[in-house]
2 protein chains.
Amino acid sequence: MAQSLSIQKLLDEFERLPGIGPKSAQRIVYWLLNTDKADAARLAQAIVEVKETVHFCAQCFNYSEAELCPLCSNPERDQSMICVVSEPRDIAAIEKTYTFNGLYHVLGGAISPIDGIGADDLRVKELLGRLADTGVTEIILACNPNVEGETTATYLARLIKPLGIKVTRLASGLPVGGDLEFADEITLGRAIESRREL
Amino acid sequence: MAQSLSIQKLLDEFERLPGIGPKSAQRIVYWLLNTDKADAARLAQAIVEVKETVHFCAQCFNYSEAELCPLCSNPERDQSMICVVSEPRDIAAIEKTYTFNGLYHVLGGAISPIDGIGADDLRVKELLGRLADTGVTEIILACNPNVEGETTATYLARLIKPLGIKVTRLASGLPVGGDLEFADEITLGRAIESRREL
């Protein structure tokens, strides 16, 4: 074996990360071997720190260091709109668009009978609890546009609409910059159904 | 800001690694947030450990935990051949081919006047020292097939040949599985020059 034990161990650890194959792992490990000890220590420290300080926001279940996440504790966010997402990473994606200024609610997954995930496994009760006390007027269902996401959205819409709260869903259609020719039939079909008058 | 501080810090640290862009960093960080604390701790620990235990082999300057690397301390390796490489990662690449069973010597770079790197900045003296006392009969120059590598190989050949030691260089030619059509002119030219009789 050409590799010493602790190098092999680090290679194995990096290969377990998503999107990192043997070649990328090797590149990173040799980079770390070559870099300052302080640089490597900072990475290790950041990993430990994130696991120690980050937990779920008590209100929206986004990742947070404080009891409430930076979004929930920001008084400038519109308290009357809640955008319901499947995972915390979806919040980061939506925040990058700068088109939404309300609050979020992380379900922690989507209804998927095939994986044995029902509504009880998601944070649905917590969402309904938030609707009870506050002046929420609109729920945006930003579940993923796949079977599980659609099922979850339909289920939630049926629960929330009777409460007299407006329920909306992200639009389906052609990706901006995309080519009509390369759109799949379902997406193109949705784009036609949801056509807008100009 | 949607991200808490320690998440942002970890994102920044991952983005500094080679081959990791903002999207990959985000994917890894969310994976780490979602994984067991023990899993994350193991990665952090492996990073710290590698920087603490790994240094250079006293003989060949490969990365090693012990004074001599696993290759130098292996009595079954052919002590009469030394393969000279630029970086420790080149050893891993050659070892994977299972075609070389000798020892290595890591120069720690290549001669590059444009970057101000001369022969004195490489471990050339250490290489000559190894030739003095042992029964080395062949030096394989496995410097990279680029301008700096060729310069380094030429320089070393001129130093070592007068000592009566056989000096060889890795063959240049077409990559196996490659297409003639897609080979660059220099590689194809070398392949013609170095043609073999069948």
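The preceding data block contains the structure.
The structure reproduced in this document is the subject of the present report. For every chain, the first residue of its written sequence is number 1, and the numbers climb from 1 along that sequence. Chain letters and ligand numbers both follow the written order, the letters beginning at A and the numbers at 1. Reporting of local features is limited, given that this is a predicted model, to residues whose pLDDT is at least 70; pairs of side-chain atoms are given and counted only at 80 or more, and all residues count toward the totals for whole chains, interfaces and linings. Excluded from the side-chain calculation are hydrogens and water; included are all heavy atoms of the structure.

Any Lys or Arg side-chain nitrogen located within 4 Å of an Asp or Glu carboxyl oxygen qualifies as a salt bridge. Counted according to the given criterion, the structure contains 18 salt bridges over all chains. Ionic pairing is found between Glu138 of chain A and Lys166 of chain A, a salt bridge with its closest N-O pair at 3.9 Å. Of this pair, Glu138 of chain A sits in strand β5 (residues 138–141) while Lys166 of chain A sits in strand β6 (residues 166–169), placing them 28 residues apart in sequence. Among the residues examined, Glu138 of chain A registers a relative accessible area of 14% and is labelled buried. A salt bridge links Arg42 of chain B to Asp39 of chain B, with the shortest nitrogen-to-oxygen separation between them at 3.4 Å. Of this pair, Arg42 of chain B and Asp39 of chain B both sit in helix α3 (residues 37–53), three residues apart, which is roughly one turn of that helix. Several salt bridges converge on common partners, so that one network encompasses Glu13 and Arg16 of chain A together with Asp39 and Arg42 of chain B. Note on conventions: DSSP H or I runs of at least 4 residues are helices, E runs of at least 2 residues are strands, and numbering of each starts at the N terminus. Burial here depends on accessible area, computed with a 1.4 Å probe over protein chains only, as a share of the maximum for the residue type. Under 20% is buried, over 50% is exposed, and the range in between is partly exposed.

Moving on to the side chain of Glu95 of chain B. As for its position among the elements, Glu95 of chain B is in helix α4 (residues 88–95). Here Tyr104 of chain B takes part through its side chain, which lies 2.6 Å from a polar atom of the side chain of Glu95 of chain B. Under the rule applied, a polar contact is a pair of N or O atoms within 3.5 Å (in protein, one hydrogen donor and one hydrogen acceptor; residues adjacent in sequence only if both atoms are side-chain atoms).

Before going further, it helps to spend a moment on helix α5 (residues 124–133) of chain B. The α-helix advances 3.6 residues per turn, and as a result positions three or four apart in sequence lie on the same side. Residues and elements named next belong to chain B. Of the positions making up α5, those classed as buried are Val124, Leu127, Arg130 and Leu131. Looking down the long axis of α5, one finds its buried residues gathered within 120° of arc, a one-sided arrangement. Along α5, the residues that are exposed and aim more than 90 degrees away from the buried face are Lys125, Ala132 and Asp133. By arc we mean the arc of the directions from the helix axis to the C-beta atoms, nothing more.

To continue, consider the layout of surface pockets. Here the term cavity refers to a set of points on a 1 Å grid, laid over the protein atoms alone, in which a 1.4 Å probe fits but cannot get out; the term pocket refers to an open set having protein on both sides within 12 Å along at least five of seven lines, with lining residues being those that place an atom within 4 Å of a point. Grid points are joined across faces, edges and corners, and a volume is the space filled by probe spheres set on the points. Approximately 660 Å³ is the volume attributed to the largest pocket. What lines the largest pocket is a set of 24 residues, among which Cys143, Asn144, Pro145, Leu170 and Ala171 of chain A lie closest to the centre. Broken down by element, the residue count for the lining of the largest pocket peaks at four residues, all from helix α4 (residues 88–95) of chain A. Charged means Asp, Glu, Lys or Arg here, nonpolar means Ala, Val, Leu, Ile, Met, Phe, Trp, Tyr, Cys or Pro, and polar covers whatever is left, Gly included. Here the lining of the largest pocket is composed, by residue class, of 12 nonpolar, seven polar and five charged. Here the second largest pocket defines a volume of roughly 490 Å³. What lines the second largest pocket is a set of 25 residues, among which Ala142, Cys143, Asn144, Pro145 and Leu170 of chain B lie closest to the centre.

Moving on, we get to the sheet that holds β6 of chain A. Residue and element names in this part refer to chain A. At least two DSSP bridges between two strands are needed for those strands to be called paired. The four strands lie next to each other as β4-β3-β5-β6, forming an open sheet whose pairing is parallel. Each having just a single partner strand, β4 (102–106) and β6 make up the two edges of the open sheet. This sheet shows a mean twist of 25° between the axes of neighbouring strands, independent of strand direction. We call two residues in contact whenever any of their non-hydrogen atoms come within 4.5 Å of each other. A fitted line through C-alpha atoms serves as each axis, taken over the contacting stretch for helices, and the angle formed by two N-to-C directions is quoted from 0 to 180°. On the sheet, helix α5 (residues 124–133) packs against β3 (78–85), β4 and β5 and is oriented at approximately 150° with respect to β4. Along the sheet, helix α6 (residues 147–160) makes contact with β3, β5 and β6, crossing β6 at roughly 170°.

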